[in-house]
Structure formats: structure tokens, C-alpha cells
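Examining the three-dimensional arrangement
Single-letter residue listing:
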Amino acid sequence: MREIRSNLSRSISTRLRLAAAVSALALLAACATPLNPEQIHAREWETAARADTPPTYDQYVRLYPDSPNVPVARARIEALRVEEARAFAFARQTDTEQAYLDYLYKYSTWGPGAAEADGLRAERARPRLAAEERTAWDSARSADRIEAYEAHLSRYPDGPHASEARTRLDRLWATDEGGWVRAYRAGTPFAVDEFLRDWPRSQFAAEARRWLDDFRLRDNESWRVALRSNSMRGYDYYLVNNPYGEWRRDAQNAIEDLRRQDYAAWLYARQIDSYWGYENYRSNYPWGVYYGDAWNRMDWLRDRDRSRSRDDDRNRGDGNGNRPGSGNAPGNNAPGNNAPGNSVAPGPGNAPAPGAQPPAVSPPPTEGAAPRPDWRPPRDQDDGARPGRPPPSASPLTPSPPPPPPPEPELSPPPPPP
């Protein structure tokens, strides 16, 4: 009977949801493209015909009394009322629970006899429900367990055997079965251990010991997984999924040790303050607290090295204080520098010293190429700081301004003419 009523309720709710969906779709369509009066009229008639009930036809007739569909709607109203009266008469004549259910399935929303049919259905279903309750009570009493009585009361809270079921439950909660059910529902090893101390000879003691063995097996396996990972994430995962685990204290201590190691590694990387030092920190501590700071510092060092490399190439001379583009550098023999009006007149001041070797000129850096991680600027271009470190006045995480170019060396006077 309960299943039949649930099916009936589901059918009614399905119809209501379909009607609401149709209305929503029609509203969306109207919002998308405005409808003319003829289209609205056709939509209303389609809705009434789809519902096929006297209330919907009555509403259509009130809205459109001059419509050519009004005679059809009124005829359909009369036909539906005749069908409803015949169906109710048949249900009264049959006078069974199923007959009333069949009537309610079709006419529960608008039938005049729906309320009377539902009352008669409940009256005819009473003997069946009483038999079902009696069968369920016999099953619970034969099992004589807490779960069985609780299930019976949840299904028949006001049944004829509800008082007897509650009395039996109170007695069982005071026994070892009640102690085991409380410990099992608590789901903690402490509660199960307490049950075994209170009821060492209980019939549920063996089941309690098996529960403890299974719990410790799962807990040990989770701890082994955390040890293999040896990371903050692994230990946190163990703590979250094993709130009563045996290794919780060890997991917390391991997390503290990893935090200390992370901080010490970060201090070492900051002390070195080099590209490879921060890269080593990032590779060894991908979960580290300072992972992002190391990445930002590596970016700054990379930009600094590129800037210094470009400055070094621009400021590098030919050994006599001449710079590229000054007119005295060997590289000014290119076309355009020796053009008429740009040529350099020979003189004793522009001639190299006797026996001097030509300066070694390094090729210009490739545009956009990243410097090597182990590259260090010369000592005279590092503002007096140690190679690879920022000046003492600069903040460890704040890029310092690029150093000024070195002063040009003074030229020695030319030798006297012979």
C-alpha cells in the first residue's frame, strides 16, 4: 500500500513539474522573441489541451470567450465530468483499495469525489497495514536486537506494538549488547577498549577484538604511506583521515621537523643568494613555505645578471680606455665610421704602444639569451660586495639598483718625438 501511494505521489509531482517546465520554456521563448496575440492564443489553447482537465478548459474559456475553440473546450469539460462520475461509481461499486487507487491516479487533482475516495481507500487498507505491522513485529521480536527494534519503531512509530518495542529497547541498552552498540557507533578504539574492559566475557567481545585488529591494520597502512611520502601533505593526509590513529603524535612531530628543515634550507639559500641555491631549495622542498619567495628571487637574479652582462659588454674597452663607438676603438673600421668626414687622422695619440697586444673583444651577447646559472659578475662591478651577493645595504628580497659604470682610465701622455 505504501508503494502504491508513493507511486501516486510521484506521478502527481511529475505532472506538476512537467507543467512548470512547459510554463518556464514558454516564458523563456516569450522573453527571447515577443509573440503576437494570435501566437499567445494558440499557446494557451495548446496548454489547456495538453492538461486536459476541466479547470484548465474553464480558465481558457474565461480568457478567450469569443474564441472558436470555446465550444470544443465546453464539450470536453462535460465529457471529462461524465468520465469522472463513472469512474467514481465503479470504484464505489468495487469497494477495494486498488479501485480507489485507480480512481485517485486519474482524478485526484480535480475530481469531486477525490477526498471521499481517499478516505475509503485508507479504510480498506487498514487490515492490510495491520497485518504488515504484525509481521514486522514478529520479526523484530524473534531477532531481539537493538537494531531490529529501532527499525520497527522507525517504520511504525505509532503502531500497536510501539510501546512494547520501546520497553524492550530500554532493557537491551543496559546489557552488554547496548555497550557494544554504543562503542561500535562511536567508531573509536578508545570506546571499543572501554567496552572490552567493562564486558570482557561478552558474546560481542570477539567481534570487538576483530574490529580493533582491522582498525590497527588500516591505521598502520596509512602511516606507512605517510612515511614513504615524507612530506607535509602526506602527514596532513594521515591526520585528517585517521583522527584516532595511533601515530598521530609521530605525524605531528614529523611535520614540525619538516618545517624546521624547510626553514634551515631557506636560510642556507638566502645566505648563498645565488640562482643554483634557490633552485636547489625548490627541487628539495616543493612543498616549502618559501617556494614562491625562492621563485621570485630567482627571477630577480636572472634579470640582474642579464642587465650586468649588457652593461659589461657596453663598458668593455680595448685595453687603452677606448670604448666601442668612441672613434678610437678598433671596431670603428666598419663602413660608416671611416666614411669621409668620419675618418680618424693618424697621430701619436691614436697609435698603440710598441709591443702591445691587441685587446681581446668578446662577442656581443645573443639578444634574449638567459645567462648561465653559475655566472658571477666581476668583483669590481659588484659594489664592493662578495660575488653572488647583493650589497649589504640592499634588502634580501628587494632588487638593488644597477651599479654605476666604472670610471674611465686616464690616458698616459704620448712619448716625445725622436
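Moving on, we get to the overall build of the chain. The helix and strand inventory of the chain stands at 15 helices and 0 strands. The proportion of buried residues among the 418 residues of the chain is 29%. A sequence separation of at least 24 residues applies to 46% of the contacts in the chain between residues at least 6 apart.

Bringing the pattern of salt bridges into the picture now. Following the criterion strictly, the structure yields 23 salt bridges and no others. A salt bridge links D144 to R168, with the nearest nitrogen and oxygen atoms 2.8 Å apart. Of this pair, D144 sits in the loop between helix 6 (114–143) and helix 7 (146–155) while R168 is found in helix 8 (residues 162–173), placing the two residues 24 residues apart along the sequence. Given a relative accessible area of 25%, D144 falls into the partly exposed group. R297 is paired through a salt bridge with D273; the nearest N and O atoms lie 2.8 Å apart. On the criterion of sequence distance, the pair formed by R297 in helix 15 (residues 291–315) and D273 in the loop between helix 13 (248–272) and helix 14 (275–284) is long-range, its members being 24 residues apart. Judged by its relative accessible area of 2%, D273 is buried.

Here H161 lies in the loop between helix 7 and helix 8. Those residues in contact with H161 that lie beyond four places of it in its chain are E133, R134, W137 and H152.

The subject of this paragraph is unusual backbone geometry. Despite not being glycine, D52 shows a phi value in the positive range, around 55°. Residues other than glycine seldom take positive phi values, yet D95 does so here, at roughly 55°. According to the relative accessible area criterion, D95 is partly exposed, its value standing at 30%.

So, on to the side chain of H152. Relative to the helices and strands, H152 resides in helix 7. We classify H152 as buried; its relative accessible area is 3%. When near neighbours in sequence (up to four residues on either side) are disregarded, H152 contacts E133, A136, W137, A140, H161 and A165.

On to the packing of helix 5 (residues 97–107) against helix 6, then. One way to put it is that helix 5 packs onto helix 6 with a least axis distance of 9 Å and a crossing angle of 145°. Remark: the crossing between helix 5 and helix 6 carries left-handed chirality. Touching E97, Y100, L101, Y103, L104 and Y107 of helix 5 are A114, A117, D118, L120, R121, R124, A125 and R128, all from helix 6. Partitioning the contact of helix 5 with helix 6 into residue classes produces 9 nonpolar, no polar and 5 charged.

Of the residues in the chain, 68% have a pLDDT of 70 or more, and the chain-wide mean is 78. Segment residues 326–403: pLDDT under 50, and 78 contacts once partners within four positions in sequence are set aside and those in other chains are kept. When the criterion is pLDDT under 50, residues 408–414 qualifies, and its contacts beyond four places in sequence or with other chains add up to 4 contacts.

Moving on: the nonpolar core. Proteins that are soluble and globular tend to have nonpolar side chains buried together. Within the largest apolar cluster, 19 residues are counted, with the highest numbers of intra-cluster contacts made by Y57, A73, A91, Y100, Y103, L104 and A117. Put simply, the parts of the chain that give this core at least two residues each are helix 3 (54–63), helix 4 (70–94), helix 5 and helix 6. Of all the elements, helix 4 adds the most residues to this core, at 6 residues. Apart from the residues within four sequence positions on either side, A73 is in contact with W45, Y57, Y60 and V61. By size, the runner-up hydrophobic cluster in this structure holds 12 residues, among which are W180, A183, A205 and L212.

Those residues of helix 3 not exposed but buried are P54, Y57, Y60 and V61. Looking straight down helix 3, one finds that the buried residues subtend no more than 125° of arc, so they occupy a single side. Along helix 3, the residues that are exposed and aim more than 90 degrees away from the buried face are R62 and L63. For helix 3, the secondary structure elements touched by its buried residues are helix 2 (37–51) and helix 4.

All right, on to the environment of N284 then. The topology assignment puts N284 in helix 14. Spatially, the C-alpha atom of N284 lies 9.0 Å from that of A265, the residues being 19 residues apart in sequence.

Attention now moves to the packing of aromatic side chains. Taken as a whole, this structure holds 20 aromatic pairs when the rule is applied. With a centroid separation of 5.6 Å and 45° between ring planes, the pair formed by W180 and F195 is classed as tilted. Of the two residues, W180 sits in helix 9 (residues 176–186) while F195 sits in helix 10 (residues 189–198), which places them 15 residues apart along the sequence. Overall, the relative accessible area of 5% leaves W180 in the buried class. The class of F195 is buried, set by a relative accessible area of 3%. Ring plane angle 40° and centroid distance 5.8 Å describe the contact between W223 and Y235, whose orientation is recorded as tilted. Taken together, the residues W223 in helix 11 (residues 205–229) and Y235 in helix 12 (residues 232–241) connect sequence positions 12 residues apart.

As a further point, take the packing of helix 6 against helix 7. Close contact between helix 6 and helix 7 brings their axes to 8 Å; oriented N to C, the two are set at 160°. What the angle tells us is that helix 6 and helix 7 run roughly antiparallel. Classified by chirality, the crossing of helix 7 by helix 6 is left-handed. Seen from helix 6, the contacting residues are E132, E133, A136, W137, A140, R141 and A143; seen from helix 7, they are A148, Y149, H152 and R155. Of the residues contributing to the contact of helix 6 with helix 7, the split by class is 6 nonpolar, 1 polar and 4 charged.

Here we come to the environment of R76. By secondary structure assignment, the location of R76 is in helix 4. Between the C-alpha atoms of R76 and T53, which are 23 residues apart in sequence, the distance is 8.5 Å.

Cut-offs and rules
Residues numbered from 1 in each chain as written. Predicted model: local features only at pLDDT ≥ 70, side-chain atom pairs only at ≥ 80, totals over all residues. Heavy atoms only, no water. Helix = DSSP H or I, 4+ residues; strand = E, 2+ residues; numbered from the N terminus. Buried < 20%, exposed > 50% of the residue type's maximum accessible area, 1.4 Å probe, protein only. Contact = heavy atoms within 4.5 Å. Salt bridge = Lys/Arg side-chain N within 4 Å of Asp/Glu carboxyl O. Axes fitted to C-alpha atoms, helices over the stretch in contact; angles between N-to-C directions. Left-handed = near helix turned anticlockwise from the far one by under 90°. Nonpolar A, V, L, I, M, F, W, Y, C, P; charged D, E, K, R; others polar. pLDDT = per-residue confidence, 0-100. Core = buried A, V, L, I, M, F, W, Y, C linked by side-chain atoms within 4.5 Å. Arc of directions from axis to C-beta. Phe/Tyr/Trp six-rings, centres within 6.5 Å; stacked < 30°, edge-to-face > 60°. Parallel < 35°, antiparallel > 145°, perpendicular 65-115°, else oblique.

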